[in-house]
Amino acid sequence: MSIKLGLIMLLSLVPIILLLFWVLYPKNWRKRKYIFGVSNRDEYKAQETEKSVDEIVQRIRKQALYITISSIIIAVALLFIPNTMMMMLIYTIYIFVVLFVCAIPYVKGNSEMKSLKRELGIKAKGVKVADLKSINASHALNMPMLLIPNVLTAVGMVIALLYDFDVIGGPKDNSLQGSYAATIMVGSFFFMAILFVLLAKMMDNMRNEVISEESDVNANYNRAKKKTWNDTWIQLSWLNTISTYVSFLMLGSVWSENMVIILSIVYLLATIVIIALLARKTSKLNKSYDFEKTFDDDDDFWICGLFYCNPNDKRLNVEKRDGMGATINMSHPLGKVITVIIVLALIGSIGSVIWAAVSDVTDIDVKVENGNVICHHLRNDYVIPLSDIEEVSLGENFEELEYARIAGTATEKLCKGRFAVSGDKNARLFMNRQVGMYIRIKTDKYIYYINDNSVEETKEVFNAIESK
């Protein structure tokens, strides 16, 4: 399982690293709107200055290439970590490290280009945005075509709810029907569908970028750019819809943790391909327009060329300078709130993986005392009064039972939480999977499957329950 999960994470990470290199460090800077987040200008193409810019771009690109290759090599080396949870922990932290390290040359290039700009005494030129007509008139969102796949995803959500409420039969009636596993899985895709519609609307309403004194040129460029994004949102929505129904069909036929992982990796890789196509189309579009004039120069409001912080700008979202989507204005009141939420979410995601890793290496403990069966793992997960026990039995091999996680933890060593077990959709597990023997406890509310850290300790617990 460890090497399998590692390969999946590797296949997810490598395309992201390569895409970052391709987007952030293009070889030819002359047709780009921005050079490491600094506006491209006619002055940079003067003979002596052009050599300086060439030297900066090639040196930064070479540094980024070394980092990209090293990052991939390290990602391959992480495959040999034997413990699955430890691998997940290190890979999760490593992903954040890679995203940070891969951006270091870009930040350095941004600093050098700003220094060159100051040396040349370059100042903003051209006309102000407010002087141009029809600046907000360009839209390209095809809402009906966007809604079709997302409405189908919403229908899938309704079907999943009816399936779990036993109103309709699913692809194949199994122990997971009524457990809300289908609702949880399809619900995640439904959430993405809502997110796609909101983001598509936000991107389409973004203030148009000014590249020319001619309003028609601005309108055509922005319309073409937004059309490219419109196509991307539709493609992502169809991918999301297809994944919704595949996951639901899979739930009733070949459901397993491995199949969930495979579906997730296919979804991620397909998303990366769609984003890569977006980057390619955006690059081709930008090459077909002239960006020699600069309007409303705001280079200094871009921190490291990555983060936008302009208290004079009333917009919440602006286009990113790498050409891939939008980012928030951190000086906007709502932008400050979103920034805090993003930071907390990043800290929470790392913290949750650390907690999972600690849980996996911490032994469980089951004991009978004070009239209760106490299942302890970092805390008391289950306290089962002996007076509530209706039946108790000892099983030889838990892995022979048909079980699937609904909510909780499932690693190579630990199974804990709510599971569907042999037709029972509301079982509670507290198991060391490396110990085959288990105790089955039936109460009027739940059926528990528990064991301790060895066969001998599990038998001792069983005898203690029987005797009392």
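Residues numbered from 1 in each chain as written. Predicted model: local features only at pLDDT ≥ 70, side-chain atom pairs only at ≥ 80, totals over all residues. Heavy atoms only, no water.

Draft legend 1. Highlighting the overall build of the chain. Looking only at helices and strands, the chain has nine helices and 15 strands in total. Counting the 468 residues in the chain, one finds 46% classified as buried. Total accessible area on the chain stands at roughly 23100 Å², and carbon and sulfur atoms take up 63% of it. (Helix = DSSP H or I, 4+ residues; strand = E, 2+ residues; numbered from the N terminus. Buried < 20%, exposed > 50% of the residue type's maximum accessible area, 1.4 Å probe, protein only. Areas by Shrake-Rupley, 256 points an atom, 1.4 Å probe, with all protein chains shown as cover.)

Draft legend 2. Representation of the pairing of strand β11 (residues 403-410) in the model. With seven bridges connecting them, β11 and strand β12 (residues 414-421) associate as antiparallel partners. Bridging across to β12, Thr409 finds its partner in Lys416. Linkage of β11 to β12, two consecutive antiparallel strands, is achieved through a turn of three residues. (Pairing = 2+ DSSP bridges.)

Draft legend 3. Main features of the sheet that holds strand β8 (residues 372-376). Across the sheet, which stays open at both edges, the three strands sit in the order β7-β8-β9 with antiparallel pairing between neighbours. The open sheet has two free edges, formed respectively by β7 (365-369) and β9 (380-385), since each of these has just one partner strand. The mean inter-strand angle of the sheet, taken between neighbouring strand axes irrespective of direction, is 15°. Relative to β8, β7 is paired through five bridges, and the arrangement is antiparallel. Each bridged residue has a counterpart across the sheet, and for Lys367 the counterpart in β8 is Ile374. (Axes fitted to C-alpha atoms, helices over the stretch in contact; angles between N-to-C directions.)

Draft legend 4. A look at the environment of Ser243. Here Ser243 lies in helix α6 (residues 215-251). For Ser243, a relative accessible area of 5% gives the class buried. It is 7.7 Å that separates the C-alpha atoms of Ser243 and Phe189, two residues lying 54 residues apart in sequence. Setting aside residues no more than four positions away along its own chain, Ser243 makes contact with Phe189, Leu263 and Tyr267. (Contact = heavy atoms within 4.5 Å.)

Draft legend 5. Structural detail: helix α4 (residues 143-164). Across its 22 residues, α4 extends 31 Å between first and last C-alpha, which sits within 8% of the 32 Å expected from 1.5 Å per residue. Buried residues of α4: Leu146, Pro149, Asn150, Thr153, Gly156, Met157, Ala160, Tyr163 and Asp164, and no others. Looking at the buried residues of α4, the elements they touch are α5 (181-204) and α6. Following α4 by one or two positions, Asp166 has its phi on the positive side, about 60°. (Expected span 1.5 Å × (residues − 1).)

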